[in-house]
Amino acid sequence: MRHLSFPQSTPGASRGSRPHRRGRQGPLILPVLSPVKEKIIMSNTAFPAATIVGYPRVGRFRELKKAQEAFWKGKATLQELQDTAADVQRTYFERVTAAGLKADNYSIPATFSYYDQVLDVVRLFTLVPERLAEAKDARGLLDLPGYFALARGTETLPPLEMTKWFDTNYHYLVPEIGAGTEIKLNLEAIDEQLEVAKQAGVKVRPQIVGPLTLLLGAKAEQGSAEDFSPVDRLDEFVAAYAQVLEQLAERGVEWVQLDEPGLTVDRADNAKVAELAERTYRALAAAEKRPQILVTSPYGSLRENLPALLGTGIEALHLDLVHGVYSKAELESVSAAGVHLVAGVVNGRNVWRADVRAALKTLEALPGASEGAVSVASSTSLQHVPHDLALEDPAEVPVDGLAFADQKVAEIALLARGLAEGEAAVEPELKAADEALARFAADPRKHNDEIRARAAAVTAEDFDRPTIDVRRAAQADLNLPKLPTTTIGSFPQTAEIRRRRAEARAGKISAEELNGFLRDEIASVIKLQEELGLDVLVHGEAERNDMVQYFAENFDGFATTRHGWVQSYGSRCTRPSILFGDVKRHGEGLRGEAFTVPWSSHAQSLSDKPVKGMLTGPVTILAWSFVRDDQPRRETANQVALALADEIADLEEAGIRIIQVDEPALRELLPLRRDEQPQYLDWSVNSFRLATSGVKDSTQIHTHLCYSEFNEIIDSINALNADVTSIEAARSHMELLADIPETFVSGLGPGVWDIHSPRVPSQEEIESLLKAAIGYGTIADLWVNPDCGLKTRDYEETKQSLRHLVDATKAIRASL
């Protein structure tokens, strides 16, 4: 059996999203699917009237996160981790049944994951690339330690790549599939969930990422033929999924959920994907022995894939009616095909209370609703929202306008009852909801006429700066060397930093005592960077808990939560802020008061080298918050941009010459359909330019992007008109640089240290990456930096890695 030595640290925090290549982007070759025998459906159990398509998985108080990290550090046994996982699942069953779902009718999906739903399918089929074969156990399967090895890496194994899950802030592990990758079935994880549910007296339907989403989201294994794509192996995977269905049927499972959000995205050849969808689900529906099949399609519209699925023989189809747009004729086609419609009318991606009266009317108008052929569901998995609003203080968050996961389950149950029994049967609940929404609409914190007037008065000149050549000339006196070295912003957030901030919140130490400690911490970080020999320094962000929450706490129009944790990936959780009102900086007057300037000024006073001012950009603040839905996003983004412009002006006035405005989420919010993308890219790019274009030519504006497929929006990144753009590139071995055109105006800092893995890169490894970057020959000004911020790394790793980064840069400079 292989021995996996796990690093003694928690996984890193992402500042955004990152790139990976998904094999060939040209036309798809249709596989020939094998014929199947006459099907045997194991049950005629009707689909439940109310359901969800997923639920938060880390526990109401992040119990799973704590157990995971204890296990990774060797402080808890595997059994203790599994016991916690079972407790989290039992609590989930208790919460959703208390909110109105039924335990005995398959309304509850088996949605639990130890790390990631795509990695769960990698484990289900043992999809281990050759380079990571050591992760397999003696049986040739992935046990839980091997599963974690693929996710996090070990001392000897690098992890799988990670990227954003569609247009969300959730990250998934990218499978690597080659022409010879073995498919070996392993139902251990599903069996574990079924057993926990059985002991709890709950009939759950297994939730599995569907074959098309799996393969379309995978990348070709290293060494694959140039024209190979994982989708080329679809016929084999359909057969493997059919085996899973047969195994579930033998276990007595009557409904299974296959998630296919990959069918809501534009591809290189949509018609071919639609044909693949039809052939795939026709084959699965005709499987010899299987449960009934629910296919879900969250995050958007199926469009051409809707008719492709309807004639396949699946029993139920989930449509996202919040983020997708369907015509009356399309909805009628579902009913006409005899497919049960699971209507996703409650928003699974935002925290706003549903207008349940309006939603009920929408449901009543759906074809088949009066015949019981329509069920009520969430638009997406509820994994994107916090667990329970009841855990929050009504004095701190606008509870009248909010619904977290448990409250959304209750809304779904209410709507299902109203659909079945009529509006009069639920009138008291509808009236109470109407009154809460009215109170929220009248909340005086939502509207500020001065802010709105300022945003309405911006002109075209407010979005422009002089050309890059003019700015470079004005910035020449920064006297930076070739290949300037820097970091992305944050330095390790130690236990002592977190303890001191917690003591200040609890009133155990004064604000001045905390500030004194933070000033000392900044001095230590500056000293370390100077000793290491970095060229452009940062203050380390010890005063910040989160790169968005910190700004939310200093802006009007936001609320922050105490327990509103949402999984970003693995054990990494964030508390998205709630943007519900008009935005400016806290303080008197329209401009409010500066809040980053004291920290940056203190840091700059300690060094003759330039110290970057650090801000989070308007698009990322929106992407990583729950954003008001009562006005266009463009208007909200411009309000945030103007507040940031005020902060940038104050940093500049304080003598800060380099200011970084991070936009890691720029690609994240990109609509999944091409015809919807230009409008988004227009307002998102302009909001960044509105924030940054008021500076002097001599002020150098940086931005940072990570964990995205940048090649899709490279023109828009160019249009940001930044002076330097740092991007995540280490895991992809610089391959994304091939997509950067010679017309790219910005200096570029491709990351040379993957901070999301606890590995320390060697000097030789970094030199190799730098040589690869230089070899692309399209970059006029190359910078050297890690992939992302260092918040979750420890200091020993940080010192070693940055020392290697600086030494590698010196070696390359000498060779040039």
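Note on numbering: residues in each chain are counted from 1, in written sequence order. Local features in this predicted model are restricted to residues of pLDDT 70 or higher, and side-chain atom pairs are both shown and tallied only at a pLDDT of 80 or more, whereas totals for entire chains, interfaces and linings draw on every residue. The side-chain quantities take in all heavy atoms of the structure and omit both hydrogens and water.

Side note on the overall build of the protein chain
- Runs of H or I in DSSP of at least four residues are treated as helices and runs of E of at least two as strands, each being numbered from the N terminus. In terms of helices and strands, the protein chain carries 25 helices and 23 strands.
- Against the globule reference of 28 Å for 816 residues, the protein chain gives a C-alpha radius of gyration of 26 Å, in line with a compact fold.
- Judged by the C-alpha coordinates and their principal axes, the protein chain covers about 75 × 60 × 50 Å.
- Taken over 816 residues, the protein chain has a buried fraction of 62%.
- Any two residues whose heavy atoms approach within 4.5 Å at even a single point are treated as in contact. The contacts in the protein chain between residues at least 6 apart in sequence include a share of 80% that link residues at least 24 apart.
- To be clear on the numbers: accessible area is Shrake-Rupley with a 1.4 Å probe, and residue cover counts the displayed protein chains and nothing else. As displayed, the protein chain has an accessible area near 29,000 Å², and 50% of this comes from carbon and sulfur atoms.
- For this count, His and the chain ends are skipped, Lys and Arg are scored as positive, and Asp and Glu as negative. For this purpose, a charge sits on NZ of Lys, CZ of Arg, CG of Asp or CD of Glu. In the protein chain, 90 positive and 119 negative side-chain charges are present, and the distance between their average locations comes to 2 Å. Atoms considered for the radius of gyration are the C-alpha atoms alone. The globule rule reads 2.2 Å times the number of residues to the power 0.38. Any residue under 20% of the maximum accessible area for its type is buried, any over 50% is exposed, and the rest in between are partly exposed; the area is computed with a 1.4 Å probe on protein chains only.

Focus on the pattern of salt bridges
- Here, a salt bridge means any Lys or Arg side-chain nitrogen found within 4 Å of an Asp or Glu carboxyl oxygen. Using the criterion set out here, one finds 54 salt bridges in the structure.
- The partner of Glu188 in a salt bridge is Arg123, with the nearest N and O atoms 3.5 Å apart. Here the residue Glu188 occupies a position in helix H5 (residues 188-200), and Arg123 occupies one in helix H3 (residues 117-125), the gap between them amounting to 65 residues.
- The buried category is assigned to Arg123, whose relative accessible area is 8%.
- Between Arg445 and Asp443 there is a salt bridge, and its shortest N-O distance comes to 2.7 Å.
- Each of the salt bridges in this network shares a partner with another, and the network as a whole consists of Arg454, Arg585, Arg591, Asp646, Glu647 and Asp650.

Topic: the nonpolar core
- In terms of nonpolar packing, the biggest core is built from 137 residues, with Ile208, Leu317 and Ile578 touching the most fellow members.
- Once residues lying within four places of it in the same chain are set aside, the contact partners of Leu317 are Leu294, Val295, Leu302, Leu306, Leu309, Leu310, Val339, His340, Leu341 and Val342.
- Membership of the second largest hydrophobic core comes to 98 residues, among which are Val619, Leu669, Ile727 and Leu769. For this analysis, a nonpolar core means a set of buried residues of the types Ala, Val, Leu, Ile, Met, Phe, Trp, Tyr and Cys, connected via side-chain atoms within 4.5 Å.

Some thoughts on the pairing of strand S8 (residues 255-259)
- Burial within S8 is extensive, with five of its five residues counted as buried.
- Here S8 shows no split at all, with Trp255, Gln257 and Asp259 on one side and Val256 and Leu258 on the other all buried.
- In this analysis, strands are considered paired if DSSP registers two or more bridges between them. In this structure, strand S6 (residues 204-209) lies alongside S8, joined through three bridges in parallel fashion. Bridge assignment links Gln207 to a residue of S8, and that residue is Gln257.
- For S8 and strand S10 (residues 292-296), the ladder comprises five bridges, and the chain directions are parallel. Residue pairing for S10: Gln257 is matched across the bridge by Leu294.

Brief notes about the UniProt feature "domain: Cobalamin-independent methionine synthase MetE N-terminal" (unreviewed entry) in the protein chain
- UniProt positions are given in the numbering used here, feature names are shortened, and annotations may be inferred rather than shown by experiment. Summarizing the sequence annotation, UniProt attributes the feature "domain: Cobalamin-independent methionine synthase MetE N-terminal" (unreviewed entry) to residues 50-367 in the numbering used throughout.
- Across residues 50-367, helical content stands at 39% and strand content at 14%; the span's end C-alpha atoms are separated by 17 Å.

Side note on the pairing of strand S21 (residues 700-705)
- Within S21, six of the six residues are buried, which leaves it mostly tucked inside the rest of the structure.
- Of the two faces of S21, both are covered, the one formed by Gln700, His702 and His704 as well as the one formed by Ile701, Thr703 and Leu705.
- Pairing geometry for strand S20 (residues 658-662) and S21, over three bridges, is parallel. Counted as the bridge partner of Ile658 is Gln700 from S21.
- A crossover gets the label right-handed when its path from the first strand over the helix to the second runs clockwise, viewed with the strands pointing away from the viewer. Regarding the hand of the β-α-β motif, the stretch spanning S20, helix H22 (residues 677-692) and S21 is right-handed.
- Here S21 runs beside strand S22 (residues 724-727); their pairing, made up of four bridges, is parallel. Among the inter-strand pairings, His704 is bridged to a residue of S22, identified as Ser726.

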